[in-house]
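Topology and contacts: notes
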Amino acid sequence: MFTKILIANRGEIACRVIATAKKMGIATVAVYSDADKEARHVKLADEAVHIGAAPSRESYLQADRIIAACKQTGAQAVHPGYGFLSENEAFAKRVEEEGIVFIGPKHHSIAAMGDKIASKKLANEAKVSTIPGWNDAIESAERAVEIARDIGYPVMIKASAGGGGKGLRVAYNDKEALEGFTSCRNEARNSFGDDRIFIEKFVQEPRHIEIQVLGDSQGNVIYLNERECSIQRRHQKVIEEAPSPFISDATRKAMGEQAVALAKAVNYQSAGTVEFVVGKDQDFYFLEMNTRLQVEHPVTECITGLDLVELMIRVAAGEPLPLTQADVRRDGWAIECRINAEDPFRNFLPSTGRLVRFQPPEESMFQADTTKKLGVRVDTGVYEGGEIPMYYDSMIAKLIVHGQDREDAIHKMRAALNGFVIRGVGSNIPFQAALLAHPRFVAGDFNTGFIAENYSQGFASQDVPHDDPLFLVALAAYMNRRYRARASGISGQLAGHNVKVGEQFVVVVMGHEGRNEHHAVSVTDFQGSSGSSAVSVGGKSYQIGSAATLGQIRVQGQCNGAGFTAQVERGTPRSPLALRISHNGTQIDAIVLSPLGARLHQLMPYKAPPDLSKFLLSPMPGLLVDVAVQPGQAVQAGEKLAVIEAMKMENILFATQDGIVGKVVAGKGESLAVDQVILEFQ
């Protein structure tokens, strides 16, 4: 067994590998870029080596520097994580040639299966059912349009070296094929250093289901059940679960055996994933093989009780698999939510910056510990006070729950999301909460088009209807009364002017453009019950109790005998007097006033925000890659105006209405701040 390994990655996956290595008594070496000098994986590792500037092509994609770091520290093996160089055949080969062990498949397996074009050809030769498409690299956007027409729209445009949703577009017409090919090629070149693109038929209403396989150097290969990964946005997975609520045992077995046969055909040694597109009749087609550890591997670990990182390390050290196919378990149900730094209410634009607050829910399962079952696990590479840089992907954390069944897992995940406190950057937690509450998700009735179908106009606050909106009002009144009770007990108050707690309040829920809701509420303390009150509002009664200390954001308690977790903050951007209440993805800003105060508040005039429609503002921090218009140019709604690159993704800004460009303010190549002016219209 190795005594020291180097992790050629960053973020949560680097931290994940370090956790298992520590359990196994193996020393770890981290590598880091300028942007990651204070990163969590650097702090957790036994040693750390600086490998370059912030952009990944100048650091984490620099194979020579990673190999030099191995030699410098005496690391005997390299774990590549996922992304970056994890599926790079040349890197794996170089590592092997230098006498260092690559904790992953052999380079010839990566060459055969890691390249999407080569893997499809190999699958065809092996008589594996594959999707119709053009499997050779396409030389130009014009040729891409011709091929797309021949296959028939819609088509999927994919980078051969792609992964994680990078370098992937779906085109429904010639215009989308032309623009999609160009964007895919640029993203692939920047993210993977390989701009080869191919096209295949887009199977409509498909499920994305993948089989986890594991092979050793003795020729043994097993499959560890499946993962359901159909909940995707822009081809990036959002929620993953194991097992799938869709496929039968017979289909699971057939897919697993086909995945094993494919892995054996290339002498696969390590953890890998065979991805399938599954039709509504459970007919399945080979899509691709990811020759690495997957982001969503924790859900498989939960239901099997196996540590996949440990198994990868043991296989790389030459050990045989410690179990056979008959030993593979399937216990309970696991769900993973990817918590990303993005604003779901602004079309999921990346949100970078400092984590002013980062308080994950309490964990009851831990990385690298397969003895703890049924609970909550958080895999993350960040910490409170740290930064989310613009140079890498947007993941803040992976939130994983393991329940007795699917219903229990969904319940646990909703509670865990309620207790996940993130401030300083936006997160997609409200969107995750909406998905988990959606009737079709709860019923297991979805496919890869689920998000596009149900949120075709983007995501808005009304997309998260609360099952009991008056509970949020009651909680605001309850917390306000606790604040007043504390204030009334402060000594030294001026006689006759001391704080009165009171029982009658009006909760003003702040709406858009000054359209507020007013709710009369009474709050009465229960005698002899510390922290418990009876709250009446809108004809409903709530008995609320909580031991939460005043000032903490996460509030846990009971309401009418059932437990709840919510988030409560004093002071919001809209008003320093307001309370922000968040629960089950719904958020309200409410001011709690006395009845007289509420009448006076209604007399306050509404101040409208300034009109910014004549400006194109940068919706995120990022690099201005292109400005597609000139001063004086007439543009139509839907026309491309500019391209911003952030977190390895190209984001195209389109005109929302017809107009004439007056002045271009920002220049190509400029680093933009959020809401910075790019151009002005006449």
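Provided above is the structure to which this section pertains.
On a predicted model such as this, the values are computed, not experimentally measured, just so you know. (Residues numbered from 1 in each chain as written. Predicted model: local features only at pLDDT ≥ 70, side-chain atom pairs only at ≥ 80, totals over all residues. Heavy atoms only, no water.)

**A short note on the packing of aromatic side chains**
Two measures describe an aromatic ring pair: the distance that separates the ring centres and the angle between the ring planes. Taken as a whole and judged by the stated rule, the model has 16 aromatic pairs. Seen from their ring centres, F446 and F450 are 6.3 Å apart, and the 70 degrees between their planes marks the pair as edge-to-face. Judged by relative accessible area, F450 falls into the buried class, the value being 0%. Grouped by ring-pair contacts, the aromatic residues F345, F348, F431, Y455 and F459 constitute a single cluster. The ring centre of F441 lies 4.7 Å from the NZ or CZ of R406, which sits over that ring. (Phe/Tyr/Trp six-rings, centres within 6.5 Å; stacked < 30°, edge-to-face > 60°. Buried < 20%, exposed > 50% of the residue type's maximum accessible area, 1.4 Å probe, protein only. Lys NZ or Arg CZ within 6 Å of the ring centre and 35° of its normal.)

**Structural notes on the packing of helix α5 (residues 107-114) against helix α6 (residues 116-125)**
It is at 6 Å that the axes of α5 and α6 come closest, and there the two elements cross at 85 degrees. With respect to each other, α5 and α6 are oriented roughly perpendicular. Facing α5, whose interface residues are A111, A112, M113 and G114, α6 presents K116, A118, S119 and L122. Taken together, the residues of the contact of α5 with α6 break down into five nonpolar, two polar and one charged. (Axes fitted to C-alpha atoms, helices over the stretch in contact; angles between N-to-C directions. Helix = DSSP H or I, 4+ residues; strand = E, 2+ residues; numbered from the N terminus. Parallel < 35°, antiparallel > 145°, perpendicular 65-115°, else oblique. Contact = heavy atoms within 4.5 Å. Nonpolar A, V, L, I, M, F, W, Y, C, P; charged D, E, K, R; others polar.)

**Observations concerning the sheet that holds strand β30 (residues 579-583)**
Hydrogen bonds along the backbone pair up the strands of a sheet, which may run parallel or antiparallel. Spatially, the eight strands close up into a barrel ordered β24-β25-β26-β27-β28-β29-β30-β31, and their pairing is antiparallel. Between one strand axis and the next, the sheet turns through 35 degrees on average, direction left out of account. Taken together, the six bridges between strand β26 (residues 532-537) and strand β27 (residues 540-546) define a ladder with antiparallel strand orientation. Counterpart to V537 in the pairing with β27 is K540. Where helix α16 (residues 469-488) meets the sheet, its contacts fall on β24 (504-509), β25 (517-525), β26, β27, β28 (554-559), β29 (562-570), β30 and β31 (586-593), and the angle it forms with β27 comes to roughly 50 degrees. (Pairing = 2+ DSSP bridges.)

**So, the environment of V356**
Tracing the backbone through its elements, the reader meets V356 in the loop between β18 (353-354) and β19 (357-359). When its relative accessible area of 48% is taken as the criterion, V356 is described as partly exposed. Placed 27 residues apart in sequence, V356 and Y383 show a C-alpha to C-alpha distance of 9.5 Å. V356 has contacts with E384, R423 and G424, leaving out every residue within four places of it along the chain.

**Comments concerning the sheet that holds strand β3 (residues 47-52)**
Strand order in this open sheet of five strands is β3-β2-β1-β4-β5, and the pairing throughout is parallel. The open sheet has two edge strands, β3 and β5 (101-102), and neither has a second partner. Of the strand pairs in this sheet, strand β1 (residues 4-7) and strand β4 (residues 77-79) are connected by three bridges, and their pairing is parallel. Counterpart to I7 in the pairing with β4 is H79. Running at roughly 170 degrees to β1, helix α1 (residues 11-23) makes contact with β1, β2 (27-33) and β4 of the sheet.

**Observations concerning empty space enclosed by the protein**
All chains considered together, the criterion is met by one cavity of 30 Å³ or more. Its boundaries defined by the atoms lining it, the largest cavity holds a volume of some 90 Å³. In this structure, the largest cavity is lined by 15 residues; those nearest its centre are E301, F366, D369, T370 and R377. In terms of residue count, helix α10 (residues 297-304) provides more of the lining of the largest cavity than any other element does, three residues in total. (1 Å grid on protein atoms, 1.4 Å probe; cavity = no way out; pocket = protein on both sides within 12 Å on 5 of 7 lines; lining within 4 Å. Points joined across faces, edges and corners; volume = space filled by probe spheres on them.)

**Considerations on the pairing of strand β14 (residues 284-290)**
Most of β14 is tucked away, with six of its seven residues classed as buried. Hairpin connection from strand β13 (residues 270-278) to β14: five residues lie between these consecutive antiparallel strands, with Q282 at a positive phi of about 65 degrees.

**A word on the pattern of salt bridges**
Applying the stated criterion to the full structure yields 45 salt bridges. As a salt-bridge pair, R252 and E226 come within 2.6 Å of each other at their nearest N and O atoms. Of this pair, R252 sits in helix α9 (residues 249-265) while E226 sits in strand β11 (residues 221-233), and the two are 26 residues apart along the sequence. Residue R330 pairs with D249 through a salt bridge whose shortest N-O separation is 3.5 Å. Placement of R330 in the loop between α11 (308-316) and β15 (333-340) and of D249 in helix α9 is noted, with a sequence separation of 81 residues between them. Overlapping salt bridges bring together R16, K23, E301, D307, E310, R314, E319, R377 and D379 as one network. (Salt bridge = Lys/Arg side-chain N within 4 Å of Asp/Glu carboxyl O.)

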